[in-house]
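Geometric and topological summary
So you can see what is in the structure, the chains are spelled out below.
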Amino acid sequence: MSLTRLILRMAAPLPKLERFDRYLFIGPHPDDIEIGAGATAAKLAGAGKDVCFLICTDGRFGTDRAPAGMSGELLAALRKREAEASASLLGVKMIRFLPFCDGGFYNEDALMRAIARVISDFKPDVIFAPDPCVTSECHPDHLNVGEAVRRLACFAPNPGIMEAMGLEATELKALAFYMTAKPNQFVNTTGYLENQLRSIYDCHKSQFPERDAIALYLRLRAADFGLRSFCLSAEGFRVLGQTQMHCLPEAGR
């Protein structure tokens, strides 16, 4: 670790995710939040925190495992019901949906502004979103949502920028990227992994009709992150506070 990075870490430590009150989990599709951060969402909701899910696209093209012959419109409606059931199972009482078609068939600026409206309305302390900086990620919805959130993490606290969009500023405290290759903070989710798996297999049946390799992956990931944080099960996130979001390249290592 470089001397500069060490000094910055001591002078501006990362915010601790679990110390806040309001959390907005943003998913490109129904089921992404559950896969990337479902155990953490369940833990926070169980602790009495205010947790809201925001689903950005309707998932109509997730047809490789959907019932044969199901139209995109019907699948989108089904996946909305699945997302609602999943949020309820995890203890999350607030869920919102944006009206965008998945597959990248939308204007990216319109997506960013729609997410900004929810941020302004809900006023989260922490936002969870997919990491747009993972070099192996190819899905445009994951990249677009992550990039929109990355920009808004900087814009949301700025009254002038938010006013220009007709919105109120939000004093965002932290950004937590899930599905990241560079986690720098871990949440102890011991006791919540089964809730996460149930939210996927009991609720998102159009996408996961059977328990397949993703269950093994999630168990291995939870164990790996648990070992790295000295607990039985954990989820890892790339966390940025407001200090780390601008002009500090060392924070990205």
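Here, every reference points to the structure presented above.
First things first, this report covers the structure right here in the doc.

1. Considerations on the overall build of the protein
Counting secondary structure elements, the protein contains 8 helices and 7 strands. Taken against the 2.2 N^0.38 rule, which gives 18 Å for 253 residues, the C-alpha radius of gyration of the protein at 18 Å falls within 12% of a compact globule. Principal axes of the C-alpha set define a box for the protein whose edges measure 60 × 45 × 35 Å. Counting every position in the protein, which comprises 253 residues, the buried fraction comes to 51%. Partitioning the intrachain contacts of the protein with sequence separation of at least 6 by distance along the chain shows that 79% fall at a separation of at least 24. For the protein, the computed accessible surface area is about 11,900 Å², with 55% contributed by carbon and sulfur atoms. Seen as two clouds, the 29 positive and the 30 negative side-chain charges of the protein have centres 5 Å apart.

2. A closer look at unusual backbone geometry
Its identity as a non-glycine residue notwithstanding, Asp 31 has a phi of 95°, on the positive side. Mapped onto the fold, Asp 31 is located in the loop between strand E1 (22–27) and helix H2 (32–46). Classification of Asp 31 as buried rests on a relative accessible area of 7%. In this structure, Lys 123 takes a positive phi of about 55° despite not being glycine.

3. Some thoughts on H2
The terminal C-alpha atoms of H2, which comprises 15 residues, lie 20 Å apart, in line with the 21 Å expected from a rise of 1.5 Å per residue. When the local axis directions of H2 are compared, the greatest deviation, roughly 80°, occurs at Gly 38. Within H2, 14 of the 15 residues are buried, which leaves it mostly tucked inside the rest of the structure. Immediately downstream of H2, the backbone of Gly 48 shows phi near 85°, a positive value.

4. Points about the packing of helix H3 (residues 72–89) against helix H7 (residues 193–203)
Here H3 crosses H7 at 155°, and the two axes come no closer than 9 Å. Compared by their axis directions, H3 and H7 come out roughly antiparallel. Read as a crossing pair, H3 and H7 show a hand that is right-handed. Contacts from Glu 82, Ala 85, Ser 86 and Leu 89 in H3 reach Asn 195, Arg 198, Ser 199 and Cys 203 in H7. For the contact of H3 with H7, the class distribution of residues is 3 nonpolar, 3 polar and 2 charged.

5. Looking at the sheet that holds strand E5 (residues 174–178)
On the basis of which strands lie adjacent, the open sheet formed by 7 strands has the order E3-E2-E1-E4-E5-E7-E6 and mixed pairing. Among the strands making up the open sheet, the edge pair consists of strand E3 (94–100) and strand E6 (185–188). This sheet shows a mean twist of 25° between the axes of neighbouring strands, independent of strand direction. In terms of strand pairing, strand E4 (residues 126–130) meets E5 through 5 bridges, oriented parallel. From the neighbouring strand, Ile 127 faces E5, where its bridge partner is Leu 175. Sheet strands touched by H3: strand E2 (50–57) and E3. Its angle to E3, the strand with the most contacts, is close to 160°. Relative to the sheet, helix H4 (residues 108–122) contacts E1, E2, E3 and E4, its axis offset from that of E3 by approximately 160°.

6. Structural notes on the pairing of E5
The side chains of a regular strand alternate between both faces of the sheet. For E5, the tally of buried residues reaches 5 of 5 residues, placing the bulk of the element in the interior. Side chains Ala 174, Ala 176 and Tyr 178 of E5 all project onto a buried face; the interleaved residues Leu 175 and Phe 177 project onto the opposite face, where all are buried too. Sheet topology places E5 next to strand E7 (residues 234–241); 4 bridges connect them, and they run antiparallel. Paired with Leu 175 across the bridge in E7 is Leu 240.

7. Observations concerning the pattern of salt bridges
Within the structure shown, the criterion is met by 16 salt bridges. Note that Arg 221 and Glu 235 form a salt bridge whose closest N and O atoms lie 3.7 Å from each other. Taken together, the residues span a long stretch of sequence, with Arg 221 in helix H8 (residues 213–228) and Glu 235 in strand E7 at a distance of 14 residues. Each of Asp 58, Arg 60 and Glu 73 takes part in a single network of salt bridges with overlapping partners.

How each quantity is defined
Residues numbered from 1 in each chain as written. Predicted model: local features only at pLDDT ≥ 70, side-chain atom pairs only at ≥ 80, totals over all residues. Heavy atoms only, no water. Helix = DSSP H or I, 4+ residues; strand = E, 2+ residues; numbered from the N terminus. Rg over C-alpha atoms; globule rule 2.2 N^0.38 Å. Buried < 20%, exposed > 50% of the residue type's maximum accessible area, 1.4 Å probe, protein only. Contact = heavy atoms within 4.5 Å. Areas by Shrake-Rupley, 256 points an atom, 1.4 Å probe, with all protein chains shown as cover. Lys, Arg positive; Asp, Glu negative; His and termini not counted. Charge placed at Lys NZ, Arg CZ, Asp CG, Glu CD. Expected span 1.5 Å × (residues − 1). Bend = angle between axes of the 7 residues up to and from the residue. Axes fitted to C-alpha atoms, helices over the stretch in contact; angles between N-to-C directions. Parallel < 35°, antiparallel > 145°, perpendicular 65-115°, else oblique. Left-handed = near helix turned anticlockwise from the far one by under 90°. Nonpolar A, V, L, I, M, F, W, Y, C, P; charged D, E, K, R; others polar. Pairing = 2+ DSSP bridges. Salt bridge = Lys/Arg side-chain N within 4 Å of Asp/Glu carboxyl O.

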